[in-house]
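Descriptive structure summary
Each chain, written out:
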Amino acid sequence: SLLGARQYREAAAHARRALAIDATHFISWVVLGHAQWRLGLGPDAIASLTRAAELAPWSGEVSASLAAVHHAAGDHERGREWAATAKTIGARARWHLAAYYAATGDTSAMFDALDIAPVHFLWDEAFDDYRTDTRYLDLLRARNLPAAAR
């Protein structure tokens, strides 16, 4: 994906084109919000992800993303509220919270969440600071992935 390739401007442009066709497509709002977050556009990311949450209140990914973005924007209380929401949605939201835990510096919770994350999620930019941590390297080894796969 363009997000996975860290091509955030292109991802945002594609999401905007998709939203011009269907403004209720919540995944496009998620992509736009993630791209905006990575581009340093915190208020825009919050607005996009909030729209996604309105369209898909059942999505743990959206709630966890809002937790991380609010925390990164300095609104730690709102970040905790969204993290609590994500936790109540269900077990699948657990691995989405890893980026929130990375933003907060709670590495134990982050690695617990990453332990069940899909492989593609391990390469998210949120975990760049942890790539040399032995727990991160152990996650890669457990999945037969090379340490320098990114």
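Scope of this entry: the structure provided in the associated data block.

Calculation criteria
Here, residues in each chain are numbered from 1, in the same order as that chain's written sequence. pLDDT decides what is reported in this predicted model: residues at 70 or higher carry local features, side-chain atom pairs at 80 or more are listed and counted, and totals for whole chains, interfaces and linings draw on all residues regardless. Computation of side-chain values covers all heavy atoms of the structure but excludes hydrogens and water. The term salt bridge refers to a pairing of a side-chain nitrogen on Lys or Arg with a carboxyl oxygen on Asp or Glu at a separation within 4 Å. Put simply, DSSP marks the helices as runs of H or I at least four residues long and the strands as runs of E at least two long, and each gets a number from the N terminus on. The classification of residues rests on relative accessible area computed with a 1.4 Å probe and restricted to protein chains. Under 20% of the type maximum is buried, over 50% is exposed, and intermediate values are partly exposed. Orientation is described by lines fitted to C-alpha atoms, with helices fitted over the stretch in contact, and by angles between N-to-C directions that extend from 0 to 180 degrees. Convention used here: angles under 35 degrees read as roughly parallel, angles over 145 as roughly antiparallel, angles from 65 to 115 as roughly perpendicular, and any remaining angle as oblique. Contact between two residues is taken to exist if any of their heavy atoms lie within 4.5 Å; hydrogens are not considered. Residue polarity follows a fixed list, in which Ala, Val, Leu, Ile, Met, Phe, Trp, Tyr, Cys and Pro are nonpolar, Asp, Glu, Lys and Arg are charged, and the others, Gly among them, are polar. Left-handed describes a crossing whose near helix is turned anticlockwise from the far helix through less than a right angle; right-handed describes the clockwise counterpart.

Moving on to the pattern of salt bridges. Taken as a whole, this structure holds 8 salt bridges when the rule is applied. As a salt-bridge pair, Asp-128 and Arg-6 come within 2.7 Å of each other at their nearest N and O atoms. Taken together, the positions of Asp-128 in the loop between α8 (107–114) and α9 (134–142) and Arg-6 in the segment before α1 (8–21) put the pair 122 residues apart, joining distant regions of the chain. A relative accessible area of 30% means that Asp-128 is categorised as partly exposed. One salt bridge connects Arg-38 with Asp-124, and the closest N-O pair in it is separated by 2.8 Å. Taken together, the residues Arg-38 in helix α2 (residues 26–38) and Asp-124 in the loop between α8 and α9 connect sequence positions 86 residues apart. Residue classification places Asp-124 among the partly exposed positions, given a relative accessible area of 22%. Each of Arg-6, Asp-128 and Arg-131 takes part in one network of salt bridges that share partners.

Right, let's get into the packing of α8 against α9. Interhelical geometry of α8 versus α9 gives an angle of 5° and a closest axis separation of 11 Å. Classed by the angle they form, the pair α8 and α9 counts as roughly parallel. Residues Thr-107, Ser-108, Phe-111 and Leu-114 of α8 touch α9, and the partners they reach there are Arg-135, Tyr-136 and Leu-139. Of the residues contributing to the contact of α8 with α9, the split by class is 4 nonpolar, 2 polar and 1 charged.

Of note, Pro-57 is situated in the loop between α3 (42–55) and α4 (60–72). Spatially, the C-alpha atoms of Pro-57 and Ile-89 are 9.0 Å apart, while their sequence positions differ by 32 residues.

This paragraph deals with the side chain of Ser-28. By the secondary structure assignment, Ser-28 is in helix α2. Residues contacting Ser-28, with those up to four places away along its chain left out, are Ala-15, Ala-18 and Leu-19.

Glancing now at the packing of α4 against helix α5 (residues 76–89). At their nearest, the axes of α4 and α5 sit 7 Å apart, and the two run at 165° to each other. For the element pair α4 / α5, the angle class is roughly antiparallel. Crossing handedness for the pair α4 and α5: left-handed. Taken together, the residues of α5 that come into contact with α4 (itself represented by Gly-60, Ser-63, Ala-64, Leu-66, Ala-67, His-70 and His-71) are His-76, Arg-78, Gly-79, Trp-82, Ala-83, Thr-85, Ala-86 and Ile-89. Its residues placed into classes, the contact of α4 with α5 shows 7 nonpolar, 7 polar and 1 charged.

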